[in-house]
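Each chain, written out:
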Amino acid sequence: GHRSYVKSVAISPDGQTLATASDDGCCKLWNANDGAEVFNLRGHDSRMHCLCTLDEDGMCYQQDPNCPNKGHGGKGKHPGVMAVAWSIDGHSLASGGKDGVVIVFHPNGSIVYRLHRHSESVLAVAFSPDGRKLATAGMEGKVHLWTLTSGEVLRTLVGHPLGVLALAFQPDSQRVATAGFDRQVKVWDVETGEHIMNLAGHREPVRAVSFSP
């Protein structure tokens, strides 16, 4: 179903829906049982502030009723989607794109927030297990912690000199781990933003991190 490389996949907490993010600018939802495409979400485009469904030429064939850009013009490819993640309750998803935008949306396609703070591509997104925060990481090396109550930035974690490729919250949501092109893994206190520890030893970029349950 995607027309370019798939950059990220995430399964819903109930195991029924798979989300995929691709360089073709789409974030698709699939039925995990029969493989049927459920929804095609498109919103990572500096010209758009909507989730219209577009064809391969960028022409709109399913209009978002809230879209201010009636009848998209099909002027070239749209920025790729680099990361996707589900909230712990399965009611929301977040996607991060090459346009530097993070979109928080419901599985039915309605947008909750469009978050503009990254100056370069967003490479990783993660919801906190308590459902209160979202962490996003960018190619510029910054990690933003957002409150999902208002869509505001709570704090910015600065410590990676290169792009951050991976994020993971501790199960109690008190700490977040970050890793990236600098071959470092850093652990931070979520409430204070304090850098707690640095884990070094990898000889290549670190592309995934995870806490034990």
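The written sequence of each chain sets the order in which its residues are numbered from 1. Under the rules for a predicted model, residues below a pLDDT of 70 receive no local features and side-chain atom pairs below 80 are neither given nor counted, while totals for whole chains, interfaces and linings still include all residues. Neither water nor hydrogens contribute to the side-chain values; these are computed over all heavy atoms in the structure.

J.: Could you give an account of the overall build of the protein, naming the residues involved and the relevant values?
T.: To qualify as a helix, a DSSP run of H or I must reach at least 4 residues; to qualify as a strand, a run of E must reach at least 2; elements of each kind are numbered from the N terminus. Assigned secondary structure in the protein consists of 0 helices and 18 strands. A simple rule labels every residue: compare its accessible area, found with a 1.4 Å probe on the protein chains alone, to the largest value its type can have, and call it buried under 20%, exposed over 50%, or partly exposed in between. Residues counted as buried form 51% of the 213 residues belonging to the protein. Any two residues having at least one pair of non-hydrogen atoms within 4.5 Å are treated as being in contact. Across the protein, every contact between residues at least 6 apart in sequence was considered, and the portion connecting residues at least 24 apart equals 36%. All accessibility values rest on the Shrake-Rupley procedure with a 1.4 Å probe; residue burial counts only the protein chains present in the view. Accessible area for the protein stands at about 10200 Å²; split by element, carbon and sulfur atoms hold 49% of it.

J.: An account of unusual backbone geometry is requested, with residue identities and associated values reported.
T.: Of note, S173 is a non-glycine position whose phi angle comes to about 70°, a positive value. Considering the arrangement of structural elements, one finds S173 in the loop between β15 (164-169) and β16 (175-180). Phi at R183 takes a positive value of approximately 70°, unusual for a residue other than glycine. Mapped onto the fold, R183 is located in the loop between β16 and β17 (185-189). Under the relative-accessibility criterion, R183 is labelled partly exposed at 40%.

J.: Run through the sheet that holds β17, naming residues and quoting values.
T.: The strand order across the open sheet built from 4 strands is β15-β16-β17-β18, with neighbouring strands paired in antiparallel fashion. Every other strand in the sheet has two partners, leaving β15 and β18 (195-199) as the edge strands with one partner each. Sheet twist, expressed as the average angle between the axes of neighbouring strands with direction ignored, equals 20°. Direction of pairing for β16 relative to β17: antiparallel, over a ladder of 5 bridges. The partner of A179 across the bridge, within β17, is V185. Here, a strand pair is defined by DSSP locating no fewer than two bridges between the strands. To get an axis, a line is fitted to the C-alpha atoms, and for a helix only the part in contact is used. The angle between two axes follows their N-to-C directions and goes from 0 to 180 degrees.

J.: Give me the pairing of strand β9 (residues 101-105): which residues, what numbers.
T.: The buried fraction of β9 amounts to 5 of the 5 residues, a majority that puts the element mostly inside the structure. Judged from the 4 bridges that link them, strand β8 (residues 93-97) and β9 form a sheet pairing that is antiparallel. Note on β9: the bridge partner recorded for G96 is V102. Between the end of β8 and the start of β9, which pair antiparallel, lie 3 residues, with G100 showing a positive phi angle near 80°. In terms of strand pairing, β9 meets strand β10 (residues 111-116) through 5 bridges, oriented antiparallel. Note on β10: the bridge partner recorded for V104 is Y113. Hairpin connection between β9 and β10: a loop of 5 residues separates the two successive antiparallel strands, and G109 in this loop has a positive phi of roughly 100°.

J.: Go over the side chain of T147 with me, naming the residues and quoting the values.
T.: With respect to the helices and strands, T147 occurs in strand β13 (residues 142-147). Take T147: its relative accessible area is 14%, and that puts it in the buried class. With residues near it in sequence (within four places) discarded, T147 still touches R132, E152 and L154.

J.: Residues and numbers for the sheet that holds strand β3 (residues 27-31), please.
T.: If you walk across this open sheet you meet the 4 strands as β1-β2-β3-β4, and the pairing is antiparallel. The sheet is open, and its two borders are formed by β1 (6-11) and β4 (37-41), each paired with just one other strand. The mean inter-strand angle of the sheet, taken between neighbouring strand axes irrespective of direction, is 20°. Relative to β4, β3 is paired through 4 bridges, and the arrangement is antiparallel. From the neighbouring strand, K28 faces β4, where its bridge partner is N40.

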